[in-house]
Amino acid sequence: MNARIDEVLPRFDTLPRASLGFFPTPLQRLDRLSDRLGVNLYIKRDDFTGMSLFGGNKVRKLEFLLGEAKKNGCEYAVTYGATQSNHAMETATACRRLGMKPILYLTAVVPPDEADVRANLLLDRMLDAEIHIVPIEPGETEAEAEARSFVMGAARAAELTLGGRPCIDIPMGGAAPVGSVGFALGYVELAQQLGALGLTADYLFHSTGTGGTLAGLAAGRKLLYDGTRIISVSASPKDPVAYPRKVAELGNTVLRMLGSTLSIDPELDLCVDTSYYLPGYEQPNAAASEAIRLLAREEGLFLDPVYTGKAFAGMLDYIRTGRVAQGDTVVFWHTGGATALFAEREILGDVF
């Protein structure tokens, strides 16, 4: 084992953790696409995290978030997202595994059809989560509707806790320091797998939303003094100054929790690319649809139109335009979310 990895791993054992996922998730070489694109391309299969067929990257965060919640005696968990939120569905699934009761506040970015409930919202209903659909009111932005949902969820969590039924309030995407610890550990896991193959990655591409995954990856990279460049392809609009600062602050809290004095610099250590999400969150685009078709037809693997499709499209553009050099080793972190392929047509777009 790499000496640095050997030194870092015990730090994670000091934190409460629930056993939810199937780790390590596979690291798979994409042979046909590697030949076609001229790079050494691997995919990190966090769509295989479990606990069910519909696992994804949030399971890494939930192991630590709900591990702490169970230690603190929580019976309920409140969280947030859009109506087709992967995080919300994975939280509800994890709660049921641990004997907790899930409460979801879901912003109707794409209003669901109650006569034809689909994808993650269908799974939420099967899990018997307490679901609150939060509409975007006339003249209200998506962010303003989300902010209303946070107030409502906090009030519900406080009501339960004051009533003697302790409730954890999990931020959207699990973007809390305790959750991001899971992705710092995930980065170490990837380094172990690459090391076993005698490889180091020149680039790591992934989709970023609320920033919790990125914060954890950046913290893990810092702990290992790793030279891999992380390219974070945004699934929604981000403030070019405030967002990296928020992610760096989150990642630095993770480092402190793990006993490190190292720091993430938002300008030097983070690369958030907002070039590929338009026309908006949960709104498909042609490049993402092409990326979804390409991976399916070349490798038999599936991406989603909201997160991984747009991130994979960004990676393809970096390779095709020479920003990633021929012969480089590239890892794409598949964060899951293929349930969106069965969501409303407004989300799915033209994938076939």
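Relevant structure appears above.
Residues numbered from 1 in each chain as written. Predicted model: local features only at pLDDT ≥ 70, side-chain atom pairs only at ≥ 80, totals over all residues. Heavy atoms only, no water.

J.: Before we go on, may I ask you to explain the overall build of the protein chain in this structure?
T.: Counting secondary structure elements, the protein chain contains 12 helices and 10 strands. Relative to a compact globule of 352 residues, whose C-alpha radius of gyration would be 20 Å, the protein chain shows 19 Å and is just as compact. Taking the principal axes of its C-alpha atoms as reference, the protein chain extends roughly 60 × 45 × 35 Å. Here the protein chain, with 352 residues, has 59% of them falling under the buried criterion. The contacts of the protein chain with a sequence gap of at least 6 include a subset with a gap of at least 24, amounting to 79%. Summing over all exposed atoms, the protein chain offers an accessible surface of approximately 14,100 Å²; the carbon and sulfur share of this is 54%. Side-chain charges in the protein chain split into 34 positive and 43 negative, and the spacing between the mean points of these groups amounts to 3 Å. (Helix = DSSP H or I, 4+ residues; strand = E, 2+ residues; numbered from the N terminus. Rg over C-alpha atoms; globule rule 2.2 N^0.38 Å. Buried < 20%, exposed > 50% of the residue type's maximum accessible area, 1.4 Å probe, protein only. Contact = heavy atoms within 4.5 Å. Areas by Shrake-Rupley, 256 points an atom, 1.4 Å probe, with all protein chains shown as cover. Lys, Arg positive; Asp, Glu negative; His and termini not counted. Charge placed at Lys NZ, Arg CZ, Asp CG, Glu CD.)

J.: Got a minute to help me understand unusual backbone geometry in this structure?
T.: At the junction of F23 and P24, the peptide bond is cis and its omega measures out at 0 degrees in the coordinates. Here P24 shows up in the loop between α1 (3-8) and β1 (27-29). A cis amide bond, omega 15 degrees, links L278 with the succeeding residue P279. Along the chain, the position of P279 falls in the loop between β9 (272-273) and α10 (286-299).

J.: What's the story with helix α11 (residues 308-320) in this structure? I'm lost.
T.: Given 3.6 residues per helical turn, the α-helix brings residues three or four places apart onto the same face. Here α11 contains 13 residues, and its C-alpha end-to-end distance of 18 Å stays within 8% of the 18 Å for a straight helix at 1.5 Å per residue. The buried count for α11 comes to 11 of 13 residues, which makes it a mostly enclosed element. Taken together, the buried positions of α11 are occupied by T308, G309, K310, A311, F312, A313, G314, M315, L316, Y318 and I319. Remark: G322 follows α11 within two positions and exhibits a positive phi of approximately 85 degrees. (Expected span 1.5 Å × (residues − 1).)

J.: When you look at the environment of T14 in this model, what are you seeing that I'm missing?
T.: When you line up the elements, T14 lands in the loop between α1 and β1. What makes T14 exposed here is its relative accessible area of 60%. Taking the C-alpha atoms as reference, T14 lies 9.5 Å from M257; in sequence the two are 243 residues apart. At 2.9 Å, the side chain of T14 forms a polar contact with the backbone oxygen of R11. (Polar contact = N/O pair within 3.5 Å; in protein donor to acceptor, adjacent residues only side chain to side chain.)

J.: How should the packing of aromatic side chains be read in this particular structure?
T.: Think of a pair of aromatic rings as described by two things: how far the centres are apart, and how the planes are tilted against each other in angle. What the rule picks out here adds up to 7 aromatic pairs. A ring pair is formed by Y80 and Y105, whose centres lie 6.2 Å apart and whose planes are at 35 degrees; its orientation type is tilted. One end of the pair, Y80, is in strand β3 (residues 76-82); the other, Y105, is in strand β4 (residues 101-107), and 25 residues separate them in sequence. Both residues of the pair, Y80 and Y105, count as buried. Here Y281 and Y307 contribute two aromatic rings whose centre-to-centre distance is 5.8 Å and whose plane-to-plane angle is 70 degrees, an arrangement assigned as edge-to-face. Pair noted here: Y281 is in the loop between β9 and α10 and Y307 is in the loop between α10 and α11, with a separation of 26 residues, a long-range link. Here the aromatic residues Y80, Y105 and F150 are joined through ring pairs into a cluster of three or more. A cation sits over an aromatic face here: R60 above F183, 5.7 Å from the ring centre. When the ring centre of Y318 is taken as origin, the NZ or CZ atom of R323, which lies over that ring, is 4.0 Å away. (Phe/Tyr/Trp six-rings, centres within 6.5 Å; stacked < 30°, edge-to-face > 60°. Lys NZ or Arg CZ within 6 Å of the ring centre and 35° of its normal.)

J.: Sorry if this is basic, but what is going on with the sheet that holds β4 here?
T.: Two modes of strand pairing occur in sheets, parallel and antiparallel, and in both the strands are linked by backbone hydrogen bonds. Read from one edge to the other, the open sheet built from 4 strands follows the order β5-β4-β3-β6, with strand pairing classed as parallel. Strands at the two margins of the open sheet, each flanked by one partner only, are β5 (130-134) and β6 (167-169). With strand direction ignored, the average angle separating the axes of adjacent strands in the sheet is 20 degrees. Taken together, the 3 bridges between β3 and β6 define a ladder with parallel strand orientation. Residue pairing across strands places Y76 opposite C167, the latter belonging to β6. Each of β3 and β4 is contacted by helix α4 (residues 86-98), which is oriented at about 170 degrees to β4, the strand it contacts most. (Pairing = 2+ DSSP bridges. Axes fitted to C-alpha atoms, helices over the stretch in contact; angles between N-to-C directions.)

J.: Looking at this structure, I do not really get helix α7 (residues 177-196). What am I missing?
T.: With 20 residues, α7 extends 29 Å from end C-alpha to end C-alpha; this agrees with the ideal 28 Å at 1.5 Å per step. The buried fraction of α7 is high, at 16 of 20 residues. Backbone geometry just after α7 places G198 at a positive phi near 70 degrees.

J.: Got a minute to help me understand the packing of α10 against α11 in this structure?
T.: Helix-helix packing is described using two parameters, namely the angle between the two axes and the distance between the axes. Here α10 crosses α11 at 85 degrees, and the two axes come no closer than 8 Å. For the element pair α10 / α11, the angle class is roughly perpendicular. Listed contacts from α11 to A287, A288, E290, A291, I292, L294 and L295 of α10 are G309, K310, F312, A313, L316 and R320. A class-by-class count of the residues in the contact of α10 with α11 yields 9 nonpolar, 1 polar and 3 charged. (Parallel < 35°, antiparallel > 145°, perpendicular 65-115°, else oblique. Nonpolar A, V, L, I, M, F, W, Y, C, P; charged D, E, K, R; others polar.)

J.: Would you explain the pairing of strand β7 (residues 203-208) in this entry?
T.: Consecutive side chains along a regular strand alternate between the two faces of the sheet. Counted residue by residue, β7 has 6 buried out of 6 residues, so it is predominantly covered. Side chains of β7 alternate between two faces, with Y203, F205 and S207 and L204, H206 and T208 buried alike. Of the pairings in the sheet, the one linking β7 to strand β8 (residues 229-234) comprises 6 bridges and is parallel in character. Among the inter-strand pairings, L204 is bridged to a residue of β8, identified as I230. Since β7 and β8 lie parallel, the crossover through helix α8 (residues 212-223) that links them has a hand, and here it is right-handed. Pairing analysis gives 3 bridges linking β7 to strand β10 (residues 329-334), with the strands arranged parallel. Bridging across to β10, Y203 finds its partner in V330. (Right-handed = clockwise from strand over helix to strand, strands pointing away.)

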